[in-house]
Amino acid sequence: MAPTSSTGAAAPPRPIRSRRAVWGERGIELLIYASGMSAIVFILAILFFIFREAAPVLFSDRFSLTQFLFSTEWYPTSVSNVRYGTLALSAGTLAVTVLAMVLAVPFGVGGAVFLSQFCGPRLRETLKIIIELLAAIPSVVWGFIGLTVMSRLIVTYTGAPVGVNVLNGGIILALMSVPIIVSIGEDALKAVPDSYVEAALALGATRWQLVFRVLLPAARHGLLAAVLLGVGRAIGETMAVLMATGHAVQIPHGILDSVRTLTANIAAELGEAPAGSEHYQVLFLTGVLLFIITMLVNLAADLIIRGARARK
Amino acid sequence: MNPPPVIPVSARFTRTPLVVRKERQQAAVRLVLLAMAVLMVLPLLSIISHLIVQAWPALSWEFLVDVPRRGMTEGGIWPALVGTVYLVVISLAVSAPIGVLAAIYLNEYARDNWFTRAINLAVISLAGVPSIVHALFGLGAFVYAARFGYSILAASLTLAIMTLPVIIASTREALAAVPTAFREACWNVGATRWQTIRAIVLPNSISGILTGVILQVSRAAGETAPILFTGAVFFKAVQRGDLFPYRLTDQCMALSMHLYTVSTQVPNVREAIPWATAVVLLGAVLAVNAAAIALRVWLRNRKRW
């Protein structure tokens, strides 16, 4: 509205908001801006604080980064010769994650394909709800199931001396990552343009040919991202592997060997390491390592999703 | 000129060998995929039924409101139950407002520039941080640097930061679902940006926002690693049925931690107690999730646009 009206009739007065309303609004917007930055603040804070606790050990002469990364000898409380090698722990994480993915990827992708192409809307909604509930089961409950049910099954059917091992952890982690792979994978399949699907069907392709020749190739980036997010979850998972993989710090030679993962190691030993001790600092350094690994995996997944979207 | 060959009606729709093969293939694939889907559903059902069967002897009202007795080998889970409620309420009281405001910023205010992209990257990275790293952060930042000590406060703040990125993501999705035309209509009658958000955007997306927050209730209740070293404790003496047994600076028991403790750390626990604890935790988490899902379905059905 123009401030002055030249055409005779008196314009209604311009509504004026009270000073309080204006400043209140400004205050709220300030809060909004501040909260908007919170994610950046927190991610930097996490990096800063775990690195701050870990940093002193990097400059200690009793510690070498090469040994930390590439030695399999983890004797943090040895009196005579303390050694902090995390290779066996990394191998444990790798073994469990790889096994979990070998089990979870076919089921996850298969489930996503089934949901998007082979079932009616009712069944789809039901399955999606069940998968969501499956994703909600707390990791400590999974760990408990691994420790009790799964370990007994493994001992019975494989004759392994102990039931808490790579196989157990792998199955539990697979069950935990399948829901993520299914839901993100289904999104990826849904994002394939309808015209592709229609063209394939018009040419007389069966559903299976459609999936195999059209959908999977067209959605491969999204599916890869889904798998990577599953990997990220598997690497970072703590309680389930702590309870289900046993506590042997060793490089596994088979899937029936017990291992310990990077995450489980922190959870198991942090309580016993006095604050500020070298052992404590090394555990924080393991945390930095984990942070970097999972961050790379997640960023890779994000880049792939974003790249796939940009190409459309 | 030859007349076109006359195909008898009955033969016009016979399935050629190719069609038969394709149909068979299709049926086989469908069966395999169905089996996979069933194999995904089966664990949930079998786990729940197995847990309930094992836990049955210990499940009772008494189990919920009684305190652990005889070095946690008998009795109930009251202190853990209350502790979990404390942790969940405080952590969401912190993370929900920040998360919602952050999502409002990202969806309503932020321009598409490098800074916004940096925030998005931070949200994604924060969502991917392993829970044990959150625990390390909580220990370093809240317990030691901020001098909260091992306390409910430190543990809740750690959980708050863990739930924050997911709340941001789900709220953002809810806000983005409000059509732009709604906002434009409001701007056109002279409303400011914040007035539009308060009067139009939030009322139309509150259901989606709530669903996202409710889902984080169950996540916060189930997480163990972040509270393991920041405020949860094996045992805390509490009056039976006491509703407010803890102060913010106290350590507390929590259901998830209690399950870990009784299943791995305490010898000679009565057989059914860990199972019953697992059932209570799982039941609470699934009930909260089911409520959120029901809310979502109900609201989707009565959505007007």
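A.B. asks: Residue-level account of the overall build of chain A, with values.
C.D. replies: Per the secondary structure count, chain A includes 13 helices and two strands. Reported as C-alpha extents along the three principal axes, the dimensions of chain A are approximately 100 × 60 × 35 Å. In chain A, which comprises 312 residues, the proportion classed as buried is 47%. Long-range contacts, defined here as pairs at least 24 residues apart, represent 72% of the contacts in chain A between residues at least 6 apart.

A.B. asks: Quick rundown of the overall build of chain B? Include the residues and the values.
C.D. replies: A count of helices and strands for chain B gives twelve helices and two strands. The N-to-C order of helical and strand elements in chain B reads α-α-α-β-β-α-α-α-α-α-α-α-α-α. Over its C-alpha atoms chain B spans a radius of gyration of 27 Å, topping by over 25% the 19 Å that the globule rule assigns to 305 residues. If one aligns the C-alpha atoms of chain B with their principal axes, the spans along those axes are about 100 × 60 × 35 Å. Within chain B, the proportion of its 305 residues that are buried is 46%. Long-range pairs, those at least 24 residues apart, make up 76% of the contacts in chain B with a sequence separation of at least 6.

A.B. asks: Quick one: what's the story with the confidence of the model for chain B, residue by residue and with numbers?
C.D. replies: Residue and element names in this part refer to chain B. Overall, the prediction assigns chain B a mean pLDDT of 85, with 96% of residues at 70 or greater. Element-level pLDDT for chain B is lowest in helix H1 (residues 9–12), with a mean of 68, against a maximum mean of 92 in helix H7 (residues 152–176). ipTM for the predicted complex: 0.86, alongside a pTM of 0.87.

A.B. asks: An account of the nonpolar core is requested, with residue identities and associated values reported.
C.D. replies: Formed by 189 residues in total, the largest nonpolar core has its most connected members in Ile 172 and Ile 181 of chain A together with Ala 278 of chain B. With 17 residues, the single largest contributor to this core is helix H4 (residues 78–109) of chain B. In this structure, Ile 172 of chain A is in contact with Trp 142, Ile 145, Gly 146, Met 150, Ala 240 and Ala 244 of chain A, ignoring residues within four places of it in sequence.

A.B. asks: Describe helix H5 (residues 121–136) of chain A, with residues and values.
C.D. replies: The end-to-end C-alpha separation of H5 of chain A is 23 Å, in line with the 22 Å expected for 16 residues at 1.5 Å each. Tucked inside the fold, the buried residues of H5 of chain A contact helix H4 (87–118) and helix H7 (166–190) of chain A together with helix H2 (17–55), helix H9 (193–222) and helix H12 (272–301) of chain B.

A.B. asks: Residues and numbers for the interface of chain B and chain A, please.
C.D. replies: The interface of chain B with chain A comprises 69 residues on the first partner and 68 residues on the second. At 16 residues, H2 of chain B tops the list of elements feeding residues into the side of chain B that touches chain A.

A.B. asks: With reference to specific residues and values, describe the packing of helix H2 (residues 38–58) of chain A against helix H6 (residues 131–145) of chain B.
C.D. replies: H6 of chain B packs onto H2 of chain A with a crossing angle of 75 degrees between their chain directions and a minimal axis gap of 9 Å. One finds that H2 of chain A runs roughly perpendicular with respect to H6 of chain B. Of the residues in H6 of chain B, those in contact with Ala 45, Ile 46, Phe 49, Ile 50, Arg 52 and Glu 53 of chain A of H2 of chain A are Val 133, Leu 136, Phe 137, Gly 140, Ala 141 and Ala 145 of chain B. Looking at side-chain class alone, the contact of H2 of chain A with H6 of chain B contains nine nonpolar, one polar and two charged residues.

A.B. asks: I'd like to hear about unusual backbone geometry, residue by residue, with values.
C.D. replies: Trans peptide bonds make up the majority, and among non-glycine residues the majority have a negative phi. Residues and elements named next belong to chain B. Within the chain, Arg 147 stands out as a residue other than glycine whose phi angle is a positive 60 degrees. Structurally, Arg 147 is set in the loop between H6 and H7. The exposure class of Arg 147 is exposed, given the 8 C-beta atoms found within 10 Å.

A.B. asks: Got a sec to walk through the environment of Met 40 of chain B? Specific residues and values, please.
C.D. replies: Tracing the backbone through its elements, the reader meets Met 40 of chain B in helix H2. Owing to 23 C-beta atoms within 10 Å, Met 40 of chain B belongs among the buried residues under this scheme. With sequence-adjacent residues up to four places away left out, Met 40 of chain B is seen in contact with Phe 107, Gly 111, Ile 131 and Val 178 of chain A.

A.B. asks: For the environment of Leu 18 of chain B, give the residues involved together with the corresponding values.
C.D. replies: One can find Leu 18 of chain B in helix H2. C-alpha of Leu 18 of chain B to C-alpha of Val 262 of chain B: the two residues are 244 residues apart in sequence and 61 Å apart in space.

About the thresholds
Residues numbered from 1 in each chain as written. Chains lettered and ligands numbered in written order. Predicted model: local features only at pLDDT ≥ 70, side-chain atom pairs only at ≥ 80, totals over all residues. Helix = DSSP H or I, 4+ residues; strand = E, 2+ residues; numbered from the N terminus. Buried ≥ 20, exposed ≤ 12 C-beta atoms within 10 Å, placed from the backbone. Contact = placed C-beta atoms within 7 Å. Rg over C-alpha atoms; globule rule 2.2 N^0.38 Å. pLDDT = per-residue confidence, 0-100. Core = buried A, V, L, I, M, F, W, Y, C linked by C-beta atoms within 7 Å. Expected span 1.5 Å × (residues − 1). Axes fitted to C-alpha atoms, helices over the stretch in contact; angles between N-to-C directions. Parallel < 35°, antiparallel > 145°, perpendicular 65-115°, else oblique. Nonpolar A, V, L, I, M, F, W, Y, C, P; charged D, E, K, R; others polar.

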